Amino acid sequence: MASGSGRMPAVDEFARLSATPTDLVTFWRSCTGIIAEAVPHYWTPCFFTLDPATLLVTSHFHEGLDEFPAEALAHEYYGDDVNKLVDVVRSSAGISTLHEATDGDPSGSPRYRFNMSMGGDQELISRLRTKRGDTWGAVSLYREPGAPLFTAADKAFLQAIGPHMAAGAQRAMAFGEAEDPDTSDAPGLLVIDDTWKVRSTTPSAQAWLERLSGAEASHELPAAVVAVAAQGLQNGRDGDAAAVAFSRVPVGDGTWALLHGAPLHGEDERRVAVIIEPAHPARIHPLLMAAYGLTEREQDVVRLVLTGASTAEISASLYISGLTVQNHLKSVFEKTGVRSRRDLVGKIFFTHYEPRVRDNEKRVLRGAAVRGGPIPPGDAAAARRL
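For every chain, the first residue of the written sequence is number 1, and numbering continues from 1 along that sequence. Thresholds applied to this predicted model are a pLDDT of at least 70 for local features of residues and 80 or more for the giving and counting of side-chain atom pairs; totals over whole chains, interfaces and linings are not thresholded and use all residues. Note: side-chain values were computed over all heavy atoms of the structure, leaving out hydrogens and water.

## With respect to the sheet that holds strand β6 (residues 188-193)
Our working rule: Two strands form a pair only when DSSP identifies at least two bridges running between them. Helix numbering and strand numbering both begin at the N terminus, where a helix is a DSSP run of H or I of at least 4 residues and a strand a DSSP run of E of at least 2. Between N-to-C directions, angles span 0 to 180 degrees; the directions come from axes that are lines fitted to C-alpha atoms, helices contributing only their stretch in contact. Throughout, a residue-residue contact means that at least one pair of heavy atoms, one from each residue, lies within 4.5 Å.
Read across the open sheet, the five strands follow the order β7-β6-β10-β9-β8; overall the sheet is antiparallel. Edge positions in the sheet fall to β7 (198-201) and β8 (245-250), since each has one partner strand and no second. On average, each strand axis in the sheet is inclined to that of its neighbour by 20 degrees, with strand direction left out of account. Summarising the sheet, β6 and β7 pair through three bridges and their orientation is antiparallel. Within β7, the position partnered with Leu190 by the bridge is Thr201. Contacts between helix α7 (residues 152-179) and the sheet are confined to β6, β9 (256-265) and β10 (270-278), with β10 contributing the most and set at about 90 degrees to the helix.

## Side note on the packing of helix α3 (residues 70-78) against helix α14 (residues 341-365)
What counts is decided by this rule: Left-handed is the label given to a crossing in which the near helix is rotated counterclockwise from the far helix by less than a right angle, and right-handed is the label when the rotation is clockwise. When residues are sorted by character, Ala, Val, Leu, Ile, Met, Phe, Trp, Tyr, Cys and Pro go into the nonpolar class, Asp, Glu, Lys and Arg into the charged class, and all the rest, Gly among them, into the polar class.
Between α3 and α14, the shortest axis-to-axis distance is 9 Å and the interhelical angle comes to 145 degrees. As α3 runs across α14, the sense of the crossing is right-handed. Listed contacts from α14 to Ala70, Leu73, Ala74, Tyr77 and Tyr78 of α3 are Arg342, Asp343, Val345, Gly346, Lys347, Phe349, Phe350, Glu354 and Arg358. Residue classes in the contact of α3 with α14 are distributed as eight nonpolar, one polar and five charged.

## A closer look at unusual backbone geometry
Selection criterion: Per-residue accessibility, obtained with a 1.4 Å probe over protein chains only, is compared with the maximum for each type, and a residue is labelled buried under 20%, exposed over 50%, and partly exposed between these values.
Located in the positive-phi region is Asp103, a residue other than glycine, with phi close to 55 degrees. In this fold, Asp103 is placed in the loop between α5 (98-101) and α6 (110-117). Accessibility expressed as a relative area gives 74% for Asp103, which makes it exposed. Positioned with a positive phi, Gln122 is a non-glycine residue whose angle comes to about 60 degrees. When you line up the elements, Gln122 lands in strand β4 (residues 121-129).

## Notes on the pattern of salt bridges
The condition that has to hold: Whenever Lys or Arg places a side-chain nitrogen within 4 Å of a carboxyl oxygen from Asp or Glu, that contact is recorded as a salt bridge.
Scanning the entire structure with this criterion turns up 18 salt bridges. The salt bridge involving Glu100 is made with Lys155; its shortest N-O contact spans 2.8 Å. Taken together, the positions of Glu100 in helix α5 and Lys155 in helix α7 put the pair 55 residues apart, joining distant regions of the chain. Look at Glu100 and you get partly exposed, because its relative accessible area is 42%.

## Some points on the environment of Gly236
Tracing the chain through its elements places Gly236 in helix α9 (residues 223-237). Residue class for Gly236 comes out buried when judged on its relative accessible area of 6%. When the C-alpha atoms of Gly236 and Gly254 are compared, they prove to be 33 Å apart, with 18 residues separating the residues in sequence. Once you skip the residues sitting within four places of it in the chain, Gly236 turns out to touch Pro263, His265 and Arg270.

So this is what it looks like as structure tokens:
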């Protein structure tokens with residue numbers, strides 16, 4: 001097992017990987033070998049992407065396991081247990097082992113018995129949250145029965161690489177959608193050299209350029225793109241391949257865009273990849289309105305319920321009383337046909353997110369880009385037929 005000092009280069013390597021524009025599966029595979037060297041574990045890591053708006057699962061990637069077991073998803077969203085994804089990613093530490101969550105005796109945990117049936121013991125879950133505070137995923141590791149327990153140093157390493165992996169996952173999903181767009185607001189990708197010549201673009205990049213303010217500016221590129229590209233090129237000249245320039249800018253129609261500028265290094269020239277994507281990771285609001293006719297405030301309450309927030313937390317976040325929260329929930333339950341918060345979370349996951357998980361599994365098998373966010377109303381049945 002790598003020593004503490006030996007793990008520092010691995011953290012730097014994750015920083016470099018997170019800055020490299022690539023698709024999500026390639027990114028996860030690049031992470032796998034480095035994690036194995038630093039934190040030995042059973043089989044391969046299980047990577048999840050989560051919708052930052054709801055903390056619900058949108059995809060999983062586990063080399064050797066093409067389809068995530070249905071019973072595991074059912075237990076995650078309907079069962080009584082500890083060490084659930086949402087509980088771990090909301091915790092202050094953002095990391096937990098099943099042994100810790102059960103005070104050293106996981107034998108009574110249904111997820112422990114399921115893990116053992118798959119050959120793995122000692123489940124460890126670590127949050128993938130960016131430095132800006134958006135949670136884009138989680139990674140689970142396991143060890144064989146009888147193996148040494150995960151140590152504090154193991155956990156510290158995973159906490160150190162978590163922000164880099166989160167940023168890499170966010171960027172990889174945007175890159176994949178830019179390469180293979182299927183919506184009008186799909187991310188766009190431009191590759192720009194140090195003479196300000198655009199060397200390549202993806203289909204949706206031009207639409208983003210037209211939406212950004214100042215499109216008549218320097219070199220016919222919007223000022224925001226020029227600024228991010230310049231910083232990315234400078235990072236490359238400084239030898240800081242792990243640094244990504246970042247900007248949040250208005251796009252002229254009341255919405256915002258995120259721009260990432262990552263330095264690229266060719267044999268004879270310096271280039272920068274600029275990814276432009278919607279600034280709002282939340283796709284749940286229009287979905288809830290379309291599917292269930294929820295009011296804006298009811299949508300706010302549901303979004304927080306999906307992330308595991310308590311009544312007191314919802315009340316504090318929305319500046320409303322606990323009684324008002326309960327009245328909104330009563331209306332939501334009536335509109336969605338459920339009787340409890342757990343049923344609400346389960347219904348929304350299995351109606352809109354589980355189809356996305358299965359769609360993404362099929363995408364991985366055929367080499368297509370992984371998608372984030374839920375599947376829109378009306379598209380779930382079609383996704384199941386793909």
